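Reading the structure
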Amino acid sequence: MVKRIGVLTSGGDAPGMNAAIRAVTRVALNSGIEVFGIYNGYKGMVEGDIEPLTKASVGEIIDRGGTILGSARLPEFKDLEVRTKAVAQLQKRGIEAIVVIGGDGSYRGALALTEMGINCIGLPGTIDNDITCTDFTIGFDTALNTIVEAVDKLRDTSSSHHRCSIVEVMGNRCGDLAIYSGIACGAEIIVTSQTGFEESEVLERLRDLDLIKKKRQAIVIISEKITDVHQFAKKVSLHTGFSGRATVLGHVQRGGSPTPNDRVLASRMGEKAVDLLMQGIGGQCISIRNNEIISVPIEEALNMPRDSRKKLHNLFDRLV
Ligand SMILES: Nc1ncnc2c1ncn2[C@@H]1O[C@H](COP(=O)(O)OP(=O)(O)O)[C@@H](O)[C@H]1O
Ligand SMILES: O=P(O)(O)OC[C@H]1O[C@](O)(COP(=O)(O)O)[C@@H](O)[C@@H]1O
Ligand SMILES: [Mg+2]
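Residues numbered from 1 in each chain as written. Chains lettered and ligands numbered in written order. Predicted model: local features only at pLDDT ≥ 70, side-chain atom pairs only at ≥ 80, totals over all residues.

- The name an unreviewed UniProt entry gives the protein is ATP-dependent 6-phosphofructokinase, with Amedibacillus dolichus as the organism.
- Of the comments in the UniProt record for the protein, the one headed Cofactor (unreviewed entry) reads "Mg(2+)". (UniProt positions renumbered as here; feature names shortened; annotations may be inferred.)

Next comes the structure, spelled out in structure tokens:
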């Protein structure tokens, strides 16, 4: 059976990564497996920035955002030569298998390492919820809470000043943070890569909200990478009865203490990852589906088409 494993966090950090590190470490140690923390993602693996973890060293972190191991992006990890250096660092320390906590990019690295003889298991650590094979990723629930708290506050001030708040949320190319927060906040308009963005049509809808529906304010939630929200806010002021104000929530969405849901999800997924490594299994990633923790081959996970959020968008349309 595997005697030594490593754990790392990679890509954008996400609240709940620490809870996952803690779960992996404690479940492994309680099963007689030594655990090594690899610092700063694949970068630390290549550079040999690797230290043993103990039960105590992962104490008092379950409630902390960010990642105690640090995270990084290392595009060169795509090169076989760079990965060969990383594998040598692991072999020098007798580390046979790794738990990789990160997003889709990190999963590609995990798959490449598995193909080089180091069994890897991926845990979905990203606020974006853009890993198709799992209903939820670790960090999504916390980021959603952060957005909802911010938008609720924006609504207070918007309605006092007859304003339209245009709120840009993260998600990379995935609209989940936008559609979930839009429903939770009772936004007037949601724009994601799925809805598309017809500027003139959104302005028309805002005019209607002002003139016909007599709304005191309007909230538009828009996914990042779709349009320049500051420019759009100016157009709202020019072409509708609302004055437009843009808020880019930015990296604040990535921080903060993880919600209980994210802590429990991370703990359940961490346990499953260690159980698979103990069975000599690699090249899989952990998912939650219908509240069951399951594993899926990474290759399959990366090629799965994204589930359409049509039902959520339909619900939103029926709530406005
Ligand atoms: N095709 C790949 N092969 C090997 N490693 C990869 C590959 N794609 C990404 N990675 C590694 O994973 C890291 C994190 O990926 P990135 O897409 O930035 O974040 P995330 O994992 O959160 O999606 C990259 O910086 C790189 O080190
Ligand atoms: O931290 P950076 O480099 O500005 O990256 C921002 C990106 O990272 C994220 O916050 C998280 O993405 P990943 O989890 O895939 O790394 C995205 O929502 C956003 O587009
Ligand atoms: Mg990603």
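A short note on the site of ligand 2
- Around ligand 2, the surrounding shell consists of Gly11, Gly12, Gly103, Thr126, Ile127, Asp128, Met170, Gly171, Asn172, Glu224 and Arg254.
- Residues from two domains meet in the shell around ligand 2; each of domain 1 (2-137 + 257-303) and domain 2 (139-253) gives at least three. (Near = placed C-beta within 6 Å. Domains from an automatic or database assignment.)

As for the nonpolar core
- Counting 87 residues, the largest nonpolar core has Ile5, Ala20, Val24, Val99, Val220 and Ala273 as the members making the most contacts within it.
- The residues that make up this core include at least three from each of domain 1 (2-137 + 257-303) and domain 2 (139-253).
- Those residues in contact with valine 99, other than ones at most four positions away along the chain, are Ile5, Val7, Val24, Ile121, Leu123 and Ala273. (Core = buried A, V, L, I, M, F, W, Y, C linked by C-beta atoms within 7 Å. Buried ≥ 20, exposed ≤ 12 C-beta atoms within 10 Å, placed from the backbone. Contact = placed C-beta atoms within 7 Å.)

Quick word on the site of ligand 1
- Near ligand 1 lie 18 residues; those nearest to it are Gly11, Gly103, Gly105, Ser106 and Gly109.
- The leading source of residues in the shell around ligand 1 is helix α4 (residues 104-115), at 6 residues.
- Here the residues of the shell around ligand 1 sort into 5 nonpolar, 9 polar and 4 charged. (Helix = DSSP H or I, 4+ residues; strand = E, 2+ residues; numbered from the N terminus. Nonpolar A, V, L, I, M, F, W, Y, C, P; charged D, E, K, R; others polar.)

Observations concerning the UniProt feature "binding site: ATP" (unreviewed entry) in the protein
- The UniProt record annotates "binding site: ATP" (unreviewed entry) at Gly12, Arg73, Leu74, Gly103, Asp104, Gly105 and Ser106. With the annotated positions falling across 95 residues, the maximum pairwise C-alpha distance of 13.7 Å places them together in a single cluster.
- Mapped onto the elements, glycine 12 comes out in the loop between β1 (4-9) and α1 (17-29).
- Those residues in contact with glycine 12 that sit more than four places away from it in its chain are Gly103, Thr126 and Arg254.
- In this structure, arginine 73 sits in the loop between β3 (50-53) and α3 (80-92).
- Residue class for arginine 73 comes out partly exposed when judged on the 15 C-beta atoms lying within 10 Å of it.

Side note on the domain arrangement of the protein
- Segmentation of the protein into domains returns domain 1 (2-137 + 257-303) and domain 2 (139-253).
- Taking only C-alpha atoms into account, the centre of domain 1 sits 34 Å from that of domain 2.
- Counting from both sides, the interface comprises 15 residues of domain 1 and, opposite them, 14 residues of domain 2.
- The residue inventory of the side of domain 1 that touches domain 2, partitioned by class, reads 5 nonpolar, 7 polar and 3 charged.

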